[in-house]
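# Overview (structure and organization)
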Amino acid sequence: MGRFGAVVFIALLVLVCGSVRVRSDGSDHRYKDGESVPLYANKVGPFHNPSETYRYFDLPFCVPDHVKEKKEALGEVLNGDRLVSAPYKLNFLQEKDSISVCKKKLSKEEVAKFRAAVDKDYYFQMYYDDLPIWGFIGKVDKEGKEPSDFKYYLYKHIHFDIFYNKDRVIEINVRTDPNSLVDLTEDKEVDVEFLYTVKWKETTTPFENRMDKYSQSSSLPHHLEIHWFSIINSCVTVLLLTGFLATILMRVLKNDFVKYAHDEESAEDQEETGWKYIHGDVFRYPKHKSLFAACLGSGTQLFTLTVFIFILALVGVFYPYNRGALFTALVVIYALTSGIAGYVATSFYCQLEGSNWVRNLLLTGCLFCGPLFLTFCFLNTVAIAYTATAALPFGTIVVIVLIWTLVTSPLLVLGGIAGKNSKAEFQAPVRTTKYPREIPSLPWYRGTIPQMAMAGFLPFSAIYIELYYIFASVWGHRIYTIYSILFIVFIILLIVTAFITVALTYFQLAAEDHEWWWRSFLCGGSTGLFIYAYCLYYYYARSDMSGFMQTSFFFGYMACVCYGFFLMLGAIGFRAALLFVRHIYRSIKCE
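For clarity, every value in this text was computed on a predicted model and none was experimentally measured.

### Some words on the confidence of the model for the chain
- Mean pLDDT over the chain works out to 85, with 89% of the residues at or above the 70 mark.
- pLDDT under 50 marks residues 1-26. Its contacts with residues more than four places away, or in other chains, come to 58 contacts.

### So, the sheet that holds strand β10 (residues 168-176)
- Pairing in this open sheet of 4 strands is mixed, and the strands run β4-β12-β9-β10 from one edge to the other. Edge positions in the open sheet fall to β4 (96-106) and β10, since each of these has one partner strand only. Within the sheet, the average angular offset between the axes of one strand and its neighbour, ignoring direction, is 20°.
- Taken together, the 8 bridges between strand β9 (residues 157-165) and β10 define a ladder with antiparallel strand orientation. Bridge pairing links Phe163 to Glu171 in β10.
- Across the face of the sheet, helix α3 (residues 108-119) comes into contact with β4 and β12 (190-202) while running at roughly 120° to β4.

### What to know about helix α12 (residues 483-510)
- In this model, α12 (28 residues) spans 41 Å end to end at C-alpha, consistent with the 40 Å of a helix rising 1.5 Å per residue.
- Most of α12 is tucked away, with 20 of its 28 residues classed as buried.
- In the segment just after α12, Glu512 is the residue with positive phi, at about 65°.

### Examining the state of the cysteines
- Per the stated rule, a full pass over the model turns up 1 disulfide.
- Each sulfur in the disulfide pair Cys62 and Cys102 lies 1.8 Å from the other. Linking Cys62 and Cys102, the disulfide has an S-S dihedral of approximately -75° and is accordingly described as left-handed. You can see Cys62 sitting in the loop between β2 (54-55) and α2 (74-78) and its partner Cys102 sitting in strand β4, a full 40 residues away along the chain. Both residues of the pair, Cys62 and Cys102, belong to the buried class.
- Distance from the sulfur of Cys535, which forms no disulfide, to the nearest cysteine sulfur (Cys562) is 4.4 Å.

### Some details on the nonpolar core
- Within the largest apolar cluster, 83 residues are counted, with the highest numbers of intra-cluster contacts made by Phe554 and Tyr585.
- In terms of residues, this core owes the most to one element, helix α15 (residues 548-586), which gives 18 residues.
- A domain-level breakdown of this core finds at least three residues from each of domain 2 (218-258 + 442-590) and domain 3 (288-434).
- Among the nonpolar cores identified, the runner-up in size contains 58 residues, and Leu90, Met126, Trp200 and Tyr319 belong to it.

The rules behind these values
Residues numbered from 1 in each chain as written. Predicted model: local features only at pLDDT ≥ 70, side-chain atom pairs only at ≥ 80, totals over all residues. Heavy atoms only, no water. pLDDT = per-residue confidence, 0-100. Contact = heavy atoms within 4.5 Å. Pairing = 2+ DSSP bridges. Helix = DSSP H or I, 4+ residues; strand = E, 2+ residues; numbered from the N terminus. Axes fitted to C-alpha atoms, helices over the stretch in contact; angles between N-to-C directions. Expected span 1.5 Å × (residues − 1). Buried < 20%, exposed > 50% of the residue type's maximum accessible area, 1.4 Å probe, protein only. Disulfide = S-S within 2.5 Å. Core = buried A, V, L, I, M, F, W, Y, C linked by side-chain atoms within 4.5 Å. Domains from an automatic or database assignment.

Written out as structure tokens, the structure is:
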């Protein structure tokens, strides 16, 4: 498995690093005076709805004579990027003052289109020599209290301020002239001349540091203070929890071991109580073992995927405004790690004396991909109906299907065959009796759902502060770059999940309830349900998102993400509980 992981990582670096940047026609980013520098218009959309983006020329801007579409990497397409040549000519070191792009007579329909866009706070995004630039297309003048009194204006003059160092572009800023406006308030034809101005300024900032300004916002002192407060809060939670549980469990277990050892010496026929009483049932295989093994395999794969993503983030592959690299990495790593899911699921299924390993393998392959595929089909249909850039082109869908067919599925099958032939045994330290004992009636708070609520709350409380920043980055316009802090929080999440699952498993066994397999998985994964509940809070209380498309995208894809967390943390919780249960039953003598 170590060699397999190394191969995955090398293949991943080659594939991801090849698609990290928004390329500028193979340029080395060095230009001579007057040389053309690539400027691409990307997309427009409501500022508060990050998923609802449209092609730049869906709005009636000036269209150049020859619109050239840029070829994009898989991750850029998944990110909704659709780059086309922009109507502005920003040649290297050439200053321009109020140059006309075009003169247009906007029809009533075009005026209405622009007005609707201004009303929804539309912004535009472009790329100039790989540097992202953005600005608003207009403004609303709310003079009166009633919406009928509002005035709608379109910016018609854009100022480009470009900074250079020798023969390289270092920085670009865009300003819209607040005095150069077109009134769109009334439904009537309007004559408009779109203008632009270009100013060049020299800077000493080296080319290697030109992307730093995009990552500084998340590294500002007051933001860092909040992040460190989050980590301290999480660490305190972990220390208190682990210290409390370790003390209690060690003391209780020590007393149990002394008691059971004394019982064995004093009275062989004395009736057993507590977790030793159910030693003949504790390793009885769970119901629906094929589904259980599939959940374990998928959760292990998603854990591996997360670890690889963190490795790439920590070595600096993902930098601001290149989220296409993250999508490419997710697709590629998921495809390459499917063998891990097949191996773990089939190996564990065979350990549980399962016979139909082929069905188990199919279930493993569909367990996460199935719901994700159905969600994608629905959301892609919504995006097509809205003509949004989030709708994937047919070619991209074919590429993803080919990756799934030619990489994911064969690796899953190979992993499954390797798991079936591994001949691993379950290694239960005590023998299982022929007939299961009856579980005593327990109070309501010992039920599965109350235990899941208890198990999910503590890990969630350790990560919820950091969740806000992640949500604001993925579903907003903040930039998240402090991956080292995020990795620490992730480690804390794993530790808390493992400890709380072990504690609840012990209390369940002490109450003579031997059906701990599914309970430990559900308790471990229950943090995913809390994260989805946080999604509801974030959408309605912390964001300004609105509209059917944005709502469906947010809740649809977050459901898939939280489902992935459920499987991953469930697998972590079960593995921790299994180690604990094996340890305590190996430490006592059972007849």
